[in-house]
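Reading the structure
Next come the chains, spelled out residue by residue.
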Amino acid sequence: MISLKVINEDNFVDAFNLKLAKGQEEYVSHPVRSLAQAYVYRNQCQPFGIYADEKMVGYVMVIYDYDIPEYDIWHMMIDESQQGKGYGRAALNQIIEYIKAKPFGDSSRIALTCNKNNYVAKALYENIGFSSTGVEDEDEIELVMNV
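Residues numbered from 1 in each chain as written. Predicted model: local features only at pLDDT ≥ 70, side-chain atom pairs only at ≥ 80, totals over all residues. Heavy atoms only, no water.

Here's the deal with the layout of surface pockets
A volume near 1,000 Å³ is recorded for the largest pocket. Taken together, 37 residues make up the lining of the largest pocket; nearest its centre are Val28, Met76, Asn118, Ala121 and Tyr125. At the level of elements, β4 (70–78), α3 (87–100), β5 (109–115), α4 (119–128), β6 (131–137) and β7 (140–146) are the ones that each hand at least two residues to the lining of the largest pocket. With six residues, β4 is the largest single contributor of residues to the lining of the largest pocket. Of the residues belonging to the lining of the largest pocket, the class tally is 17 nonpolar, eleven polar and nine charged. (1 Å grid on protein atoms, 1.4 Å probe; cavity = no way out; pocket = protein on both sides within 12 Å on 5 of 7 lines; lining within 4 Å. Points joined across faces, edges and corners; volume = space filled by probe spheres on them. Helix = DSSP H or I, 4+ residues; strand = E, 2+ residues; numbered from the N terminus. Nonpolar A, V, L, I, M, F, W, Y, C, P; charged D, E, K, R; others polar.)

What to know about the sheet that holds β5
Spatially, the seven strands line up as an open sheet ordered β1-β2-β3-β4-β5-β7-β6, and their pairing is mixed. Only two strands of the sheet have a single partner each, and these edge strands are β1 (2–6) and β6. Here the average twist between neighbouring strands, direction ignored, is 30°. In this sheet, β5 lies alongside β4 in parallel orientation, the contact comprising three bridges. (Pairing = 2+ DSSP bridges. Axes fitted to C-alpha atoms, helices over the stretch in contact; angles between N-to-C directions.)

The values are spatial; any link to function lies outside them.
In structure tokens, the structure reads:
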């Protein structure tokens, strides 16, 4: 069973110990960088550990962009040893449910970016209901969903 748990003083080191599979460094930032961003944007974001039972198997952060307004999913990753088990899909569905509660502000738009060469992640996002907007920034493409 997959669950999301807020990253706090009890589990942040577990997030630091997550590992990306070889070659994935170009697709997603490590939780160390993401948690630094979470601190800077602490009034508009929430980092989560992705847990399989009681073990952290991944990380994801939700941030609210007051300027647009929209919710953004940042830095989602599953530990290299836990990939291919459906944890990413399950966590993404839970993140969407979290966002539907509008914890930071009113918006029905969820956005994320994906490296255009990360075909596995792009397929997952599209399968769940995200669509490409056509907006690109260097090697990243934007995908959105309305909830």
